[in-house]
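Fold and geometry: a report
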Amino acid sequence: MTKKVKEVISLLEEAGWKHIRTKGDHRVFYKEGAKRPIVVPHGLNDDLPIGTLKSISRQAEIEID
């Protein structure tokens, strides 16, 4: 169930999240009406740990398979 960071970013952007800033390897995404921004860590070709992937999925309220 691992996903690459660039795959997760694509899913977020399809769901309406916009990249607002980057600091190091941490990309911050925001969506109008969201409670808080979502931070996606690591390099674009890295696999996200399962816990991080589930956390992003829960915060963004999207299904990531």
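Conventions and cut-offs
Residues numbered from 1 in each chain as written. Predicted model: local features only at pLDDT ≥ 70, side-chain atom pairs only at ≥ 80, totals over all residues. Heavy atoms only, no water. Helix = DSSP H or I, 4+ residues; strand = E, 2+ residues; numbered from the N terminus. Rg over C-alpha atoms; globule rule 2.2 N^0.38 Å. Buried < 20%, exposed > 50% of the residue type's maximum accessible area, 1.4 Å probe, protein only. pLDDT = per-residue confidence, 0-100. Core = buried A, V, L, I, M, F, W, Y, C linked by side-chain atoms within 4.5 Å. Contact = heavy atoms within 4.5 Å. Arc of directions from axis to C-beta.

A tally of regular secondary structure across the chain gives two helices and three strands. Compactness check: the chain gives a C-alpha radius of gyration of 11 Å against a globular reference of 11 Å for 65 residues, within 12% of the reference. Projected onto its principal axes, the C-alpha coordinates of the chain cover approximately 30 × 25 × 20 Å. Within the chain, the proportion of its 65 residues that are buried is 32%.

As a further point, take the confidence of the model for the chain. Mean pLDDT for the chain: 95, with 100% of residues reaching 70 or above. Looking across the chain, the model is least confident in helix α2 (residues 50–60), with a mean pLDDT of 95, and most confident in strand β2 (residues 26–30), with 98.

Moving on, we get to the nonpolar core. Within the largest apolar cluster, 14 residues are counted, with the highest numbers of intra-cluster contacts made by Val8, Leu12, Ile38, Val40 and Ile56. Sorting the residues of this core by element identifies α1 (5–14), β3 (38–40) and α2 as the ones contributing at least two each. Per-element tally for this core: the top contributor is α1, with four residues. The contacts of Val40, once residues within four sequence positions are left out, are Val5, Ile9, Leu12, Asp25, His26, Arg27, Phe29 and Ile56.

Looking now at α2. Burial in α2 covers these residues: Leu53, Ser55, Ile56, Ser57 and Ala60. Positive phi shows up at Glu61, right after α2, with a value of about 55°.

Residue pairs spaced three or four apart in an α-helix point in one direction, given the helix's 3.6 residues per turn. Within α1 the residues assigned to the buried category are Val5, Val8, Ile9 and Leu12. Each buried residue of α1 lies within a common arc of 100° when the element is viewed along its axis, so the set occupies one face. At its buried positions, α1 is contacted by β2, β3 and α2. Directly after α1, the chain includes Gly16, whose backbone phi takes a positive value near 100°.

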